[in-house]
Structure formats: C-alpha cells, structure tokens
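# Notes for the structure review
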Amino acid sequence: MAAGATYVPIATQTASGSVSSITFSSIPQTYTDLVLIINAGNLTGDSGAELRVGNGSIDTGTTLSWTYMQGDGSSAGSGRATNINYTYAGRSNTNFAGIGIVHLMNYSNTNVYKTIISKAESPTARVQVFVSTWRSTSAIDIFRVSDPSYNFTAGSTFTLYGIAAA
Amino acid sequence: MSPILGIYASQISGHLVTNSYSSIATQTVGSGGASSITFASIPSTYTHLQIRGFYRMSSTAENKLEMNGVTTTTSYYRHFLQGSGSATGAGGNNSNTMAGYYETNANIFGTHIIDILDYADTNKIKVVRTLWGFDANGSGYVGLSSGANASTSAITSISLVPNAGTYTQFSSFALYGIK
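Residues numbered from 1 in each chain as written. Chains lettered and ligands numbered in written order. Predicted model: local features only at pLDDT ≥ 70, side-chain atom pairs only at ≥ 80, totals over all residues.

### Quick notes on the interface of chain A and chain B
On the side of chain B, 41 residues touch chain A, which itself brings 40 residues to the contact. Looking at the side of chain A that touches chain B, the elements with two or more residues in it are strand E1 (4–5), strand E2 (8–14), strand E7 (64–71), strand E8 (76–84), strand E10 (98–105), strand E11 (114–122) and strand E12 (126–134) of chain A. When residues in the side of chain A that touches chain B are grouped by element, the largest group, seven residues, is from E8 of chain A. In terms of residue class, the side of chain A that touches chain B is made up of 21 nonpolar, 16 polar and three charged. Pairing between E1 of chain A and strand E1 (residues 21–28) of chain B: two bridges, direction antiparallel. The residue of E1 of chain B that forms the bridge with Ala 5 of chain A is Ser 22 of chain B. (Contact = placed C-beta atoms within 7 Å. Helix = DSSP H or I, 4+ residues; strand = E, 2+ residues; numbered from the N terminus. Nonpolar A, V, L, I, M, F, W, Y, C, P; charged D, E, K, R; others polar. Pairing = 2+ DSSP bridges.)

Below is the structure:
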C-alpha cells in the first residue's frame, strides 16, 4: 500500500472586522476532498452560515438540496430543502463562536454530482448535521460562506484544507 | 551551534505537511460495479484510521463495515441517530456495524466518514464512528453511527459491504492513517 502525507492547509481567512461573507476562489483541483473549518461568531443572534458553491463563479441556480437533523436543547428534528441555491456550513451566535466542519467530497471529480456533509455546532443554540447535493458535474473551484442575518464578527476564522487520496 | 528553531521556522514559506495524516490506499469502482471493497494488509503504524467513502449503490440498503473478515452479524454492535428530512430516529442492536444507509438514486452519491479508533491496540475492543448521508432533492437521510467489534485483535483488514446490491461506477473509498 502506498502512503503519502496529506490534509494540507490551503488557505485561512480571518475576519479583520465585521464581514458579511468570506469567499474562497481559484481552489486548486489537486485534492480529492476539501475540509472547511469555521470558528465564527456574529453580532446579534442564532444564525446559520450559508454556503454557496460554483465553478468560475458562484452558482445562482437552484441546483442544491439538503437534508438535516438537529437538536436544539429541548427537541430533535429533521428537515430538508429542495431546488435551492445554498446549503448550511455552520452556526454562529451572539458572543459565542459557532463551529462548522464542512466536507466537500470528490469536489474536483467531473464525472459526478457533488456531496457535501457538515456538522454545525452553536453551544448556546443547537447542533446540526447536514448532507447536501450540488447537482452539477462541474468541479467546485469557488465557494462563499455568508451570514444572511448578521455579519461575522472580527476574529472569525475560516480555514480550508485539502485531502488527497492515494 | 545550537539551532535557533524559531528563526529558521519563521523563514519557511508555503504549506507545512506534518505527516500525521496519510493516505494509505484508495479503491475506485469501475463500470462493472463491486459487491464489496476490502482494504487488506493495513499497516499497524498509525494510531487511528479514517475511511472517506463516496458511493452509489444499485439497491436501497445499509452499508456495513466488517473487520478482519468477520462476517458473523452478532459479532458487532451498533447505535445510530438519523434524520429522514421529516423525522428523527434512533436504534441500536447486536448487529452489523452501520456505515451508512442509501436509497438508490440516479446520479446521487452518498458519503460516509468513518473513524476507527486505536485499531492496532490489542487491549481494546475496536470502536468506530461514522458520519453519513445522502440527499436526492426531495429524499435523503443523514446520520451518526457508532459500532464495535467484540474483539481486541488488531485490525488488519476492513471491508465495506452493501447489505444489498453493489457499489456502482465512480464510487470511491479512501483509507487514511492518523498518527
């Protein structure tokens, strides 16, 4: 069996002030999977960090869908969205950073639709697990994380890693 | 001369790879499909293993993970929590290690990320955990599973097996070692 070191940091972005979105573009196509780790807070309240993907530019079509489950401290639930242009990458909350770990599986494989699976944890609000499909065989070379309701606070970090299979 | 590590390290540019997470092997399914995937002769030089799977199956079924060729269902234990898009469910029994569930769909790939902890430690029963799911734009499941094999033997081979049908073309499974 061949073995090779991988799980390589590609880029990190740290919010220097209050920002509404973070974009990673020109993502190298030399890995098998991408992992995005978010540690972000916001100014006002419990909020989901939306994730949009694309090739060359962010796809504005309704080519995403997702299924999730969550626990909010009192109950568990599950839901889904169809024919939509975003999924969720993480949670954030007032004064508490929320965590998102997003796996973009086979992101550079042009034979297949892309599957994204993520865990979002906001310790003062809820924990969630999402699985999403981007119905496109294009490689993902750009994505954007944004908070539709509140800005990310200064110091929020977004780190992208690449994992290459043997 | 004693090295001044801080100064030297500060001059390194580019990405640092620590060798603590390594790709061991990958299997990709061809046009004929595959009834199972096996990683054999797994080196014992890591602390943990991770399998990152991306797959379609020809039938609606669970995935199961078999260790060291043990196929006896009752040798395994599992618990899981899952969401169907409208409800949550949970279960547990003395049965196959659950490495995901998939409903057959054209073009829709499921995924699982399986962590196999202390796989070479002969003092411990082997425990795995899995994050898994698929979404087909109107149907889908997402879940978390734990599983165990009631054996302290070091794991030297792992098989992924659909409970029905086969893995279809472009499915891929990558095995990684974590030190």
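### Section: the sheet that holds strand E4 (residues 33–40) of chain A
Residues and elements named next belong to chain A. Read from one edge to the other, the open sheet built from eight strands follows the order E2-E14-E4-E10-E11-E12-E7-E8, with strand pairing classed as antiparallel. Two strands bound the open sheet, and with one partner strand each, they are E2 and E8. Averaged over all adjacent pairs, the angle separating strand axes in this sheet is 15 degrees, with direction ignored. (Axes fitted to C-alpha atoms, helices over the stretch in contact; angles between N-to-C directions.)

### Things to note about the sheet that holds strand E4 (residues 61–67) of chain B
Residues and elements named next belong to chain B. Overall, antiparallel pairing links the four strands, which are arranged E2-E11-E4-E7 in an open sheet. Only two strands of the sheet have a single partner each, and these edge strands are strand E2 (37–39) and strand E7 (97–102). Ignoring strand direction, the axes of neighbouring strands in this sheet form an average angle of 20 degrees. By the bridge criterion, four bridges tie E4 to E7 in an arrangement that is antiparallel. Each residue of the ladder has a partner; that of Glu 62, found in E7, is Tyr 101.

### Thoughts on the environment of Pro 9 of chain A
Residues and elements named next belong to chain A. Note that Pro 9 resides in strand E2. The exposure class of Pro 9 is partly exposed, given the 15 C-beta atoms found within 10 Å. On a C-alpha basis, the gap between Pro 9 and Val 35 in space is 9.3 Å, while along the polypeptide they are 26 residues apart. (Buried ≥ 20, exposed ≤ 12 C-beta atoms within 10 Å, placed from the backbone.)

### As for the environment of Ile 108 of chain B
Within the element layout of this structure, Ile 108 of chain B appears in the loop between E7 and strand E8 (110–117). For the pair Ile 108 of chain B and Asn 137 of chain B, spaced 29 residues apart in sequence, the C-alpha to C-alpha distance is 9.2 Å. Among residues more than four places away in sequence, those in contact with Ile 108 of chain B are Tyr 113 and Thr 133 of chain A together with Arg 56, Phe 134 and Ala 136 of chain B.

As far as function goes, none of this settles anything; it's purely spatial.
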